[in-house]
Amino acid sequence: MRLSIFVGCFALAAVAVNFGLLPSGAGGSNVIWVVLLALVLSAPLSYVLLRKQRDEMSEQIVSTVDRTKARLEANRTREDSVTQ
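A brief structural summary. Quick caveat: nothing in here was measured; it's all calculated off a predicted structure.

1. A word on a nonpolar patch on the surface
(1) Moving on: Taken together, the side chains of Val15, Phe19, Leu21 and Leu22 define a hydrophobic patch exposed on the protein surface, amounting to about 430 Å² of accessible area.
(2) Moving on: With respect to the secondary-structure elements, Phe19 resides in the loop between α1 (2-18) and α2 (30-49).
(3) Moving on: Of the residues examined, Phe19 reaches a relative accessible area of 63% and is grouped as exposed.

2. Focus on the packing of α1 against α2
Relative orientation and spacing of two packed helices are given, respectively, by the angle between their axes and the distance between those axes.
(1) Moving on: Look at α1 against α2: their axes get within 8 Å of each other, and the N-to-C directions meet at 135 degrees. The angle between α1 and α2 falls in the class oblique. At the point where α1 passes α2, the crossing takes the right-handed sense.
(2) Moving on: Along the lines of polarity and charge, the residues of the contact of α1 with α2 split into 17 nonpolar, 3 polar and 1 charged.

3. Description of α1
Think of an α-helix as turning once every 3.6 residues; residues three or four places apart then point the same way.
(1) Moving on: Taking 1.5 Å per residue, 17 residues should reach 24 Å; α1 reaches 24 Å between its end C-alpha atoms and fits that length.
(2) Moving on: Along α1, the positions that sit buried rather than exposed are Ile5, Cys9, Ala13, Ala16 and Val17. When α1 is viewed along its axis, its buried side chains cluster within an angular range of 95 degrees and face the same direction. Exposed residues pointing more than 90 degrees away from the buried face of α1 are listed as Leu3 and Asn18.

The rules we used
- Residues numbered from 1 in each chain as written.
- Predicted model: local features only at pLDDT ≥ 70, side-chain atom pairs only at ≥ 80, totals over all residues.
- Heavy atoms only, no water.
- Patch = residues over 30% accessible without salt bridge, like charges linked within 9 Å, V, L, I, M, F, W, Y side chains within 5 Å.
- Areas by Shrake-Rupley, 256 points an atom, 1.4 Å probe, with all protein chains shown as cover.
- Salt bridge = Lys/Arg side-chain N within 4 Å of Asp/Glu carboxyl O.
- Helix = DSSP H or I, 4+ residues; strand = E, 2+ residues; numbered from the N terminus.
- Buried < 20%, exposed > 50% of the residue type's maximum accessible area, 1.4 Å probe, protein only.
- Axes fitted to C-alpha atoms, helices over the stretch in contact; angles between N-to-C directions.
- Parallel < 35°, antiparallel > 145°, perpendicular 65-115°, else oblique.
- Left-handed = near helix turned anticlockwise from the far one by under 90°.
- Nonpolar A, V, L, I, M, F, W, Y, C, P; charged D, E, K, R; others polar.
- Expected span 1.5 Å × (residues − 1).
- Arc of directions from axis to C-beta.

Read these as layout, nothing more, since geometry by itself doesn't imply function.
The structure is reproduced here in structure tokens:
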């Protein structure tokens, strides 16, 4: 999803530079300038538009880590009770 946002911003920046709405890069750096513009445009858009997916993924990771910690703790206490 983030890649598609970047590609859209890249296309928008390329069209804007081509029609003179945004300044073009110095010398032969036009492509690099358009890539930098696309990065600057896509970063805040991705942050806002992908917030829901980022929060859902974070919840999944937290629950997985909690389950793993609980399993490790159960294994450790089981080993402690066997050795005593």
